[in-house]
Amino acid sequence: MSNYEYAKTSYAKSGVDTEQAMATLRAVPVSLHCWQGDDVLGFDQKGAGLTGGIQTTGNYPGRASTPAQLMADLDQALSLCPGTKKINLHASYGIFEDGKWVDRDQIEPKHFSKWVQFCKERGLGADFNPTFFGHPKCDPLTLSSPDEKTRKFWIDHGKACIRISQYLADELGQPCVMNIWTGDGFKDIPADRKGPRERYRDSIDQILSEPYDFTKVKPCVESKVFGIGVEAFTAGSSEFSLLYAAMNRDKCIPLMDNGHYHPTEAVSDKIPALLAFFPEIALHITRPIRWDSDHVVLFDDETKEICKEIVRCGGLNGSVNIALDYFDASINRIAAWAVGYRNLQKALLSALLTPHEDLKQLQDESSFTELMIRQEELKTMPFGIVWDEYCRRCGVPADGEWFCEVKKYEAQILENR
Ligand code: RNT
Ligand code: ZN
């Protein structure tokens with residue numbers, strides 16, 4: 001009996017079909033964030049640096065600094081990632097031909113045609129994000145600024161991004177999730193909390209007044225508890241963002257980033273709460289250490305719990321849009337992409353290899369002793385064997401066989417940058 005046959009039989013005994021689990025996982029789109037490749041700097045600003053209360057730390061050599069380099073690095077990372085991939089783009093990654101630069105309120109679909117070509121050649125979908133940070137027109141507020149000129153600039157940016165998202169969805173034949181997140185907030189105790197939120201709300205209303213097909217373009221509002229330099233107040237708090245989405249269900253969906261809550265809050269628990277009310281939600285999967293530190297995603301308990309909730313709430317049928325969001329500049333950036341992506345795939349596979357119906361029944365029968373035993377015993381099932389088989393079927397290297405590829409690429413390409 002092969003290792004895989006052994007694993008398959010073991011799982012079958014606990015009521016799990018490994019074939020079905022692998023087939024399901026293979027079809028689930030997961031969005032890989034382009035910004036891990038260049039420390040969130042983008043191409044449209046020279047020297048504005050990263051602002052908005054987010055930060056990359058580390059100075060690992062070989063950062064991509066041109067579209068061609070970022071695409072080459074993405075290719076290397078994608079070749080190591082099993083499953084169905086989408087690329088998550090930010091507006092700051094527009095490509096201006098012949099030096100024809102335009103500011104963010106003027107960007108057009110044509111500035112993303114190279115990305116469309118990239119995605120088409122590889123059969124990928126794309127998601128999109130307006131970039132409300134790292135720009136001289138952050139005053140430092142954007143959509144909640146009291147300066148009407150500033151606010152208009154950023155509203156126009158948001159509208160331009162709706163048009164680009166529609167273009168990406170139409171060209172690639174897949175829905176495009178368009179995420180609105182700003183770092184708007186205050187370092188210290190505000191004198192007015194309602195004003196910024198009213199302006200933020202009005203700004204999102206104006207952005208979403210731009211026409212789009214809601215079956216193809218999925219605008220989201222991402223909440224956040226605090227950022228660096230905006231410790232006292234963020235305009236887009238959890239209540240604000242969730243309520244905005246709840247009151248505008250016909251035109252947007254909520255987005256939760258699991259780095260954006262107090263450290264004892266668990267996004268895994270919030271997923272079923274939101275799905276009790278929203279037909280569709282979106283996630284940014286990351287790893288906070290003490291704060292929104294955006295560390296590389298691990299195959300850890302909370303990632304597994306998030307994936308369990310996605311799977312058992314039926315989220316793989318399209319009701320949960322899954323994206324990664326982390327940025328580590330202290331290690332090889334391609335390895336960071338690949339290991340985080342693979343860990344999310346592992347967590348999803350592990351969730352798919354769980355007999356959820358049996359476990360639910362034990363809970364409903366109040367058989368909590370048996371429930372604990374079953375849940376504990378699942379932890380030592382031969383998961384790694386199924387993972388290896390899944391990688392093999394997807395045509396990507398198994399664990400232990402991919403880092404050598406990254407090292408080769410580092411020696412040949414990254415070290416010469
Ligand atoms: C920041 C948010 C946001 C960004 C990206 C780059 O805290 O998580 O999603 O990470 O838009
Ligand atoms: Zn995020």
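I will try to describe carefully the structure that is included in this document. The structure displayed is predicted, hence computed values, not measured ones.

Calculation criteria
- Residues numbered from 1 in each chain as written.
- Chains lettered and ligands numbered in written order.
- Predicted model: local features only at pLDDT ≥ 70, side-chain atom pairs only at ≥ 80, totals over all residues.
- Heavy atoms only, no water.
- Helix = DSSP H or I, 4+ residues; strand = E, 2+ residues; numbered from the N terminus.
- Buried < 20%, exposed > 50% of the residue type's maximum accessible area, 1.4 Å probe, protein only.
- Contact = heavy atoms within 4.5 Å.
- Areas by Shrake-Rupley, 256 points an atom, 1.4 Å probe, with all protein chains shown as cover.
- Lys, Arg positive; Asp, Glu negative; His and termini not counted.
- Charge placed at Lys NZ, Arg CZ, Asp CG, Glu CD.
- Phe/Tyr/Trp six-rings, centres within 6.5 Å; stacked < 30°, edge-to-face > 60°.
- 1 Å grid on protein atoms, 1.4 Å probe; cavity = no way out; pocket = protein on both sides within 12 Å on 5 of 7 lines; lining within 4 Å.
- Points joined across faces, edges and corners; volume = space filled by probe spheres on them.
- Nonpolar A, V, L, I, M, F, W, Y, C, P; charged D, E, K, R; others polar.
- Near = heavy atom within 4 Å.
- Polar contact = N/O pair within 3.5 Å; in protein donor to acceptor, adjacent residues only side chain to side chain.
- Salt bridge = Lys/Arg side-chain N within 4 Å of Asp/Glu carboxyl O.
- Expected span 1.5 Å × (residues − 1).
- Arc of directions from axis to C-beta.
- Disulfide = S-S within 2.5 Å.

**Quick look at the overall build of the protein**
Secondary structure assignment for the protein yields 14 helices and 12 strands. Taken along the three principal axes of its C-alpha coordinates, the protein extends 70 × 55 × 40 Å. Per-residue burial for the protein yields a buried fraction of 55% across its 417 residues. Sequence-distant contacts, at least 24 apart, represent 79% of the contacts inside the protein between residues at least 6 apart. Here the protein has roughly 18,000 Å² of accessible surface; of this, 52% comes from carbon and sulfur atoms. Of the charged side chains in the protein, 47 are positive and 60 negative, and the gap between their average positions amounts to 3 Å.

**So, the packing of aromatic side chains**
Tallying each qualifying case throughout the model produces 12 aromatic pairs. Relative to Phe 128, the ring of Phe 112 has its centre 5.0 Å away and its plane inclined at 85 degrees; by these criteria the two rings are edge-to-face. Placement of Phe 112 in the loop between strand 2 (84-90) and helix 4 (113-122) and of Phe 128 in strand 3 (residues 125-129) is noted, with a sequence separation of 16 residues between them. With a centroid separation of 5.7 Å and an interplanar angle of 75 degrees, the aromatic rings of Trp 115 and Phe 118 are classed as edge-to-face. Of this pair, Trp 115 and Phe 118 are both found in helix 4, three residues apart, which corresponds to roughly one turn of the helix.

**Digging into empty space enclosed by the protein**
Enumeration according to the criterion identifies two cavities of 30 Å³ or more in this entry. In this model, the largest cavity occupies a volume close to 180 Å³. Forming the boundary of the largest cavity are 18 residues, of which Ile 54, His 90, Trp 181, Glu 222 and Asp 325 lie nearest the centre. Each residue belonging to the lining of the largest cavity can be placed in one class, and the counts come to seven nonpolar, five polar and six charged. Taken as a whole, the second largest cavity encloses approximately 40 Å³ of empty space. In terms of lining, the second largest cavity is formed by Gly 37, Tyr 60, Pro 61, Gly 62, Arg 63, Asp 73, Arg 333, Ile 334 and Leu 414. Split by residue class, the lining of the second largest cavity holds four nonpolar, two polar and three charged.

**Comments concerning the site of ligand 1**
Near ligand 1 the following residues occur: Trp 35, Ile 54, His 90, Trp 181, Glu 222, Lys 224, Asp 257, His 260, His 284, Asp 292, Asp 325 and Phe 327. Asp 292 is positioned such that a nitrogen or oxygen atom in its side chain is 3.3 Å from an oxygen atom of ligand 1. Surface burial for ligand 1 is 99%, taken as the share of its 310 Å² of free accessible area covered by protein chains. Of the residues assigned to the shell around ligand 1, the class counts are four nonpolar, three polar and five charged.

**A short note on the pattern of salt bridges**
On inspection of all chains with the given rule, the structure shows 30 salt bridges. Taking the shortest distance from any N to any O, the salt bridge between Arg 342 and Asp 399 comes out at 2.8 Å. Taken together, the residues span a long stretch of sequence, with Arg 342 in helix 10 (residues 333-352) and Asp 399 in the loop between helix 13 (383-394) and helix 14 (403-412) at a distance of 57 residues. Exposure remark for Arg 342: the relative accessible area of 2% places this residue in the buried category. For Asp 399, a relative accessible area of 35% puts it in the partly exposed group. Lys 360 is the partner of Glu 357 in a salt bridge, and the nearest nitrogen-oxygen pair spans 3.6 Å. Taken as a pair, Glu 357 and Lys 360 lie in helix 11 (residues 356-364) at a separation of three residues, close to a single helical turn. With relative accessibility at 56%, the residue Glu 357 sits in the exposed group. If you follow the salt bridges from partner to partner, you end up with Glu 19, Glu 389, Arg 392 and Arg 393 in one network.

**Re the environment of Arg 163**
Inspection of the secondary structure puts Arg 163 in helix 5 (residues 148-172). Through-space distance from the C-alpha of Arg 163 to that of Asp 44 is 18 Å; in sequence the pair is 119 residues apart. Contacts of Arg 163, omitting those with residues within four sequence positions, involve Pro 109 and Glu 210.

**Details of the layout of surface pockets**
Volume-wise, the largest pocket comes out at about 450 Å³. Lining the largest pocket are 18 residues, and of these Lys 304, Lys 308, Ser 350, Leu 378 and Lys 379 lie nearest its centre. Of all elements in the fold, only helix 9 (301-312), helix 10 and helix 12 (368-378) reach the threshold of two or more residues within the lining of the largest pocket. In terms of residue count, the dominant contributor to the lining of the largest pocket is helix 9 (four residues). Split by residue class, the lining of the largest pocket holds nine nonpolar, three polar and six charged.

**Details of helix 9**
Counted at 1.5 Å a residue, the expected span for helix 9 with its 12 residues is 16 Å, and the 16 Å between its end C-alpha atoms agrees. All of the buried residues in helix 9 are Thr 303, Ile 306, Cys 307, Glu 309, Ile 310 and Val 311. Note on helix 9: the residue one or two positions beyond its end, Gly 314, has a positive phi of about 75 degrees.

**Regarding helix 11**
Taken as a whole, helix 11 has its buried residues at His 356, Leu 359 and Leu 362. All buried residues of helix 11 project into a common sector of 125 degrees when viewed along the axis, lining one side. More than 90 degrees from the buried face of helix 11, the exposed residues found are Glu 357 and Asp 364.

**Concerning the state of the cysteines**
Scanning the model with the defined rule gives zero disulfides in all. Of the cysteine sulfurs around Cys 138, a residue in no disulfide, the closest is that of Cys 161, at 13 Å. The buried category is assigned to Cys 138, whose relative accessible area is 16%. Not engaged in a disulfide, the cysteine Cys 176 finds its nearest cysteine sulfur in Cys 220; these two sulfurs lie 9.4 Å apart.

The analysis is restricted to geometry; functional conclusions fall outside its scope.
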